[in-house]
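# Per-entry structural report
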Amino acid sequence: MLKYTLKRLALLIPIVIAVSILVFLVIKMIPGDPVQIMFGKSANPEQVAYVRTLYGLDKPLVEQYFTWIGNLLKGDWGQSIQTGESVYGLVMERMPRTFALCICGILVALIISIPSGIACAKYHNKLTDLIITFFNLVFISVPGFWLGVIFMIVFAVKLKWLPTSGYVSISESFGGWLKCMILPTVTTAATFFASLSRLMRSSMLEVLQQDYIALARIKGNPERRVYYIHALRNSLIPLITNIGLQMGYLIGGVVVIEKVFSYPGLGLLLITSITRRDYPTIQGILLIIAILIVIINLITDLTYMLVDPKVRFGFGKSLA
């Protein structure tokens, strides 16, 4: 276990380097000159040249990359071209909000998907299974931003229960924070729980056909214990793996959801920065998101090993 963990941590270094190169090159492919956009059509050529020199945009790409990496290692993420604020400050201010939205969305999705998947397996090919499967297909088919608009119209515009947009810090008002979080969280969970529920259903059906489940029933264990004790743990293994694999998709979906609800997280900041061609801010956001996904995949692998002893022992033998 320890050897495998250290090996995976060592692999993070070349992965992060490759990701940083990719992020840097992708940003440079965005059409438009950020300095020209900053000053508008009536820009003074001398001012444009000065600002390009100030941000190092007049240097070769290789030199720009190593300057950027060197500054990152020193803790200097650069300054926003549009606002002049520290990129590090902008990212760190909004990252906890996006992180909270993702965590809340995942928790709500798990709370819905695990019981619904078990119910589908328990009542396989019966009315309960068909109804849950139907709704899962509906939520999988509808785009996340469209669900957000529907929820906004119903619960904010028509019923007036919740705000349509905005954000209140939890330190200012817990009730206000909760109201602002409900619609984005439910929308995030709605785009995620349906696929998890279907996966839970198929995994549960496969586990229920194993010999040790039949043995547990022969011993006289009640069905509730068979489902929730003997079958559930092994059924969660594919679910855990799938959550890690879909984190990139989830963060991408959160970007759109933040835009729909004007939620001031990394996603909304990223969209605004792309519109304004704010290269330093875009680079900082994409890099931190990529690193978070890499770390989440590592945590997923380690969790997978903890849940399944067979996998843990297999890694121990292979690394011995």
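Residues numbered from 1 in each chain as written. Predicted model: local features only at pLDDT ≥ 70, side-chain atom pairs only at ≥ 80, totals over all residues. Heavy atoms only, no water.

### Examining the overall build of the protein chain
Rules: Runs of H or I in DSSP of at least four residues are treated as helices and runs of E of at least two as strands, each being numbered from the N terminus. Whether a residue is buried, partly exposed or exposed follows from its accessible area with a 1.4 Å probe, protein chains only, as a fraction of its type maximum: under 20%, in between, or over 50%, in that order. What makes two residues a contact is simply this: any of their non-hydrogen atoms within 4.5 Å. Each accessible area value is a Shrake-Rupley result obtained with a 1.4 Å probe; residue values ignore everything except the protein chains displayed when judging cover.
Scanning the protein chain for helices and strands turns up 14 helices and 0 strands. Order of helices (α) and strands (β) in the protein chain, N terminus to C terminus: α-α-α-α-α-α-α-α-α-α-α-α-α-α. Looking at the protein chain as a whole, 40% of its 320 residues qualify as buried. A separation of at least 24 residues holds for 72% of the contacts in the protein chain among residues at least 6 apart in sequence. When the accessible surface of the protein chain is summed, it comes to about 17,500 Å², and 68% of that surface belongs to carbon and sulfur atoms.

### Concerning the pattern of salt bridges
Operational definition: Salt bridge, as used here, is a side-chain nitrogen of Lys or Arg placed within 4 Å of a carboxyl oxygen of Asp or Glu.
In this structure the tally under the stated criterion is 2 salt bridges. Two residues, Arg-97 and Glu-93, come together in a salt bridge whose shortest N-O distance is 3.5 Å. Here Glu-93 and Arg-97 lie together in helix H5 (residues 87–122), a separation of 4 residues that amounts to about one turn. A relative accessible area of 18% means that Arg-97 is categorised as buried.

### Observations concerning the environment of Thr-281
Within the secondary structure, Thr-281 is located in helix H13 (residues 279–307). Given the relative accessible area of 1%, Thr-281 is considered buried. In this structure, the C-alpha to C-alpha distance between Thr-281 and Leu-270, residues 11 residues apart in sequence, is 7.6 Å. Not counting chain neighbours up to four residues away, the residues in contact with Thr-281 comprise Ser-80, Val-87, Leu-90, Leu-269 and Ser-273.

### Description of the packing of aromatic side chains
Keep this limit in mind: Only the six-membered ring of Trp is used, alongside the rings of Phe and Tyr, when aromatic pairs are assigned; centres must lie within 6.5 Å, and planes under 30 degrees apart are stacked while those over 60 apart are edge-to-face, with the rest tilted. Lysine NZ or arginine CZ positioned within 6 Å of the ring centre and within 35 degrees of the ring normal marks a charge as sitting over the ring.
For the coordinates displayed, the defined rule picks out 11 aromatic pairs. A centroid spacing of 5.4 Å and a plane angle of 75° characterise the contact between Tyr-65 and Phe-66, whose relative ring orientation is edge-to-face. Through a chain of ring-to-ring contacts, the aromatic side chains of Phe-24, Tyr-65, Phe-66 and Trp-68 assemble into a single cluster. The ring of Tyr-227 carries Lys-122 above its face, with NZ or CZ at 5.8 Å from the centroid.

### Describing the state of the cysteines
Under the convention used in this document: By disulfide we mean two sulfur atoms from cysteines, separated by a distance within 2.5 Å.
Applying the stated criterion across every chain, the model contains 0 disulfides. Sulfur of Cys-104: no disulfide; nearest cysteine sulfur belongs to Cys-102 and is 9.5 Å away.

### Topic: the packing of H5 against helix H8 (residues 174–208)
Defined as follows: The axes used here are C-alpha line fits, helices contributing only the stretch in contact, and every angle between their N-to-C directions lies in the interval 0 to 180 degrees. Left-handed is the label given to a crossing in which the near helix is rotated counterclockwise from the far helix by less than a right angle, and right-handed is the label when the rotation is clockwise. Three categories are distinguished: nonpolar for Ala, Val, Leu, Ile, Met, Phe, Trp, Tyr, Cys and Pro, charged for Asp, Glu, Lys and Arg, and polar for the others, with Gly belonging to the last.
Where H5 meets H8, the axes come as close as 6 Å, and the angle between the chain directions of the two elements is 35°. Here H5 and H8 pass one another in a crossing that is right-handed. The residue makeup of the contact of H5 with H8, split by class, is 22 nonpolar, 7 polar and 1 charged.

### Topic: a nonpolar patch on the surface
What counts here: Residues qualify for a patch when their relative accessible area is over 30% and they have no salt bridge, like charges being joined within 9 Å and the nonpolar side chains of Val, Leu, Ile, Met, Phe, Trp and Tyr within 5 Å.
Together, Phe-145, Trp-146, Ile-150, Ile-153, Val-154, Val-157, Leu-159, Trp-161 and Val-256 line one region of the surface with nonpolar side chains, adding up to about 810 Å² of accessible area. When residues in the nonpolar patch are grouped by element, the largest group, 6 residues, is from helix H7 (residues 144–158). Among the structural elements, Val-154 can be located in helix H7.

### Some points on the environment of Pro-143
As for its placement among the helices and strands, Pro-143 is situated in the loop between helix H6 (127–141) and H7. The exposure class assigned to Pro-143 is partly exposed, which follows from its relative accessible area of 39%.

### A short note on the side chain of Ser-113
The residue Ser-113 is located in helix H5 in this model. Under the relative-accessibility criterion, Ser-113 is labelled buried at 0%. The residues touching Ser-113, leaving out its near neighbours within four places in the chain, are Phe-193, Leu-196, Ser-197 and Met-200.

### With respect to the packing of H6 against H8
What counts is decided by this rule: Should an angle fall under 35 degrees it is taken as roughly parallel, and over 145 as roughly antiparallel, whereas 65 to 115 is taken as roughly perpendicular and any remaining angle as oblique.
The geometry of H6 relative to H8 is characterised by a closest axis approach of 8 Å and an angle of 140° between their N-to-C directions. In this view, H6 runs oblique relative to H8, as classed from their interaxial angle. The element H6 and its partner H8 pack so that their crossing is left-handed. Between H6 and H8, the residues in contact are Asp-129, Ile-132, Thr-133, Asn-136, Leu-137, Phe-139 and Ile-140 and Ala-190, Phe-193, Ala-194, Ser-195, Ser-197, Arg-198 and Arg-201, respectively. Residues belonging to the contact of H6 with H8 are distributed by class as follows: 7 nonpolar, 4 polar and 3 charged.

### A short note on helix H4 (residues 61–73)
This is how the line gets drawn: Every helix has an expected span of 1.5 Å times one less than the residues it contains.
Taking 1.5 Å per residue as the helical rise, H4 with its 13 residues ought to reach 18 Å, and the 18 Å between its terminal C-alpha atoms agrees with that figure. Of the residues flanking the end of H4, it is Gly-75, one or two places downstream, whose phi is positive at about 90°.

### Topic: the confidence of the model for the protein chain
Atom-level detail of predicted coordinates should not be read off regions where pLDDT is low. The condition is simple: Values of pLDDT, which run from 0 to 100, indicate the predictor's confidence residue by residue.
Chain-level statistics for the protein chain give a pLDDT mean of 81 and a share of 89% at 70 or above. Of the regions scoring below 50 in pLDDT, residues 315–320 engages in 6 contacts with residues more than four places distant in sequence or in other chains.

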